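Architecture at a glance
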Amino acid sequence: MKLRGLYAVTPESGDVESKVRLALEGGMALLQYRSKTRNAMQARAIVRLASEFGVPVIINDDVELALELGADGAHLGRDDGDLREARKRLKGRILGSSCYNDLALARAAVQAGADYVAFGSVFPSPTKPQAVRAPLRLLKEARALGVPLAAIGGITLDNAPQLIAAGADLLAVISDLFDAPDIRQRARDYGKLFA
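What follows covers the packing of aromatic side chains. Across all of its chains, the model carries one aromatic pair by this definition. In this structure, arginine 78 packs its charged tip against the face of tyrosine 100, placed 4.1 Å from the ring centre.

Laid out in structure tokens, this is it:
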């Protein structure tokens, strides 16, 4: 599986399923289901919907839910459990890790079995305004890790090209995609950046 392109992260509000369907119609490489309230019913619907489009779904912060739903993997942050243990449990599935602005953390994540590592916030983020900032040079330095790199935080169509140029394989986008007037077209436009 090639991890390269738009990595859509579900919004917290609105008609999430309808928004996700539009984004799927526009195209994406990967979809992350993220919800502060563990909504298994909504997550199951999202996994089913994405499978219609052949798009892998990653469950944020919850290996248990990922396994329960038959999702394609899980993404863990610093406080979401042990990566080595998650790697054992997620045999044959994707494991992603948030590495914030820390290259050493990314190295450790790769050694523990992460399939991709995420850095951010690369720009000021409306979703997480207090998030630590990750400089673009970090993406360049992280290329040596040999796994796909995801950038997250404040990404827009305007600033996305500089992230790809710096070495990002995946652009994790929430607001600029799901708050767009035409979600389907916005997803297409992100896809064109990787063509």
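Turning our attention to unusual backbone geometry. Of all residues except glycine, most have a negative phi; of all peptide bonds, most are trans. A cis geometry characterises the amide bond from glycine 120 onward to serine 121, with omega recorded as 25 degrees. Checked against the element boundaries, serine 121 lands in the loop between β6 (116-119) and α6 (136-142). Phi at tyrosine 100 takes a positive value of approximately 55 degrees, unusual for a residue other than glycine. Structurally, tyrosine 100 is set in the loop between β5 (94-98) and α5 (103-111). Looking at tyrosine 100, the relative accessible area reads 21%, which means it is partly exposed.

Along the chain, the position of aspartate 79 falls in the loop between β4 (73-76) and α4 (83-89). The spacing of aspartate 79 and serine 98 is 19 residues in sequence and 9.9 Å in space, taken between C-alpha atoms.

Quick look at the nonpolar core now. Grouped together as the largest cluster of nonpolar side chains are 61 residues, with contacts concentrated most on Val117, Phe119 and Leu171. Top element by residues in this core is helix α2 (residues 40-52). It accounts for six residues. Beyond its immediate chain neighbours, meaning those up to four positions away, valine 117 contacts Ser97, Cys99, Ala106, Ala109, Val110, Leu145, Val147, Pro148, Leu149 and Ala150. Counting 13 residues, the second-largest nonpolar core is a separate cluster that includes Leu3, Tyr7, Ala29 and Leu170.

Within the structure shown, the criterion is met by 13 salt bridges. Measuring nitrogen to oxygen at the nearest pair gives 3.8 Å for the salt bridge that ties aspartate 169 to arginine 4. Of this pair, aspartate 169 sits in the loop between α7 (160-166) and β8 (170-173) while arginine 4 is found in the segment before β1 (5-9), placing the two residues 165 residues apart along the sequence. For arginine 4, a relative accessible area of 34% puts it in the partly exposed group. One connected set of salt bridges, linked through shared partners, spans Arg38, Arg44, Asp62 and Glu68.

Reading guide: rules and limits
- Residues numbered from 1 in each chain as written.
- Predicted model: local features only at pLDDT ≥ 70, side-chain atom pairs only at ≥ 80, totals over all residues.
- Heavy atoms only, no water.
- Phe/Tyr/Trp six-rings, centres within 6.5 Å; stacked < 30°, edge-to-face > 60°.
- Lys NZ or Arg CZ within 6 Å of the ring centre and 35° of its normal.
- Helix = DSSP H or I, 4+ residues; strand = E, 2+ residues; numbered from the N terminus.
- Buried < 20%, exposed > 50% of the residue type's maximum accessible area, 1.4 Å probe, protein only.
- Core = buried A, V, L, I, M, F, W, Y, C linked by side-chain atoms within 4.5 Å.
- Contact = heavy atoms within 4.5 Å.
- Salt bridge = Lys/Arg side-chain N within 4 Å of Asp/Glu carboxyl O.

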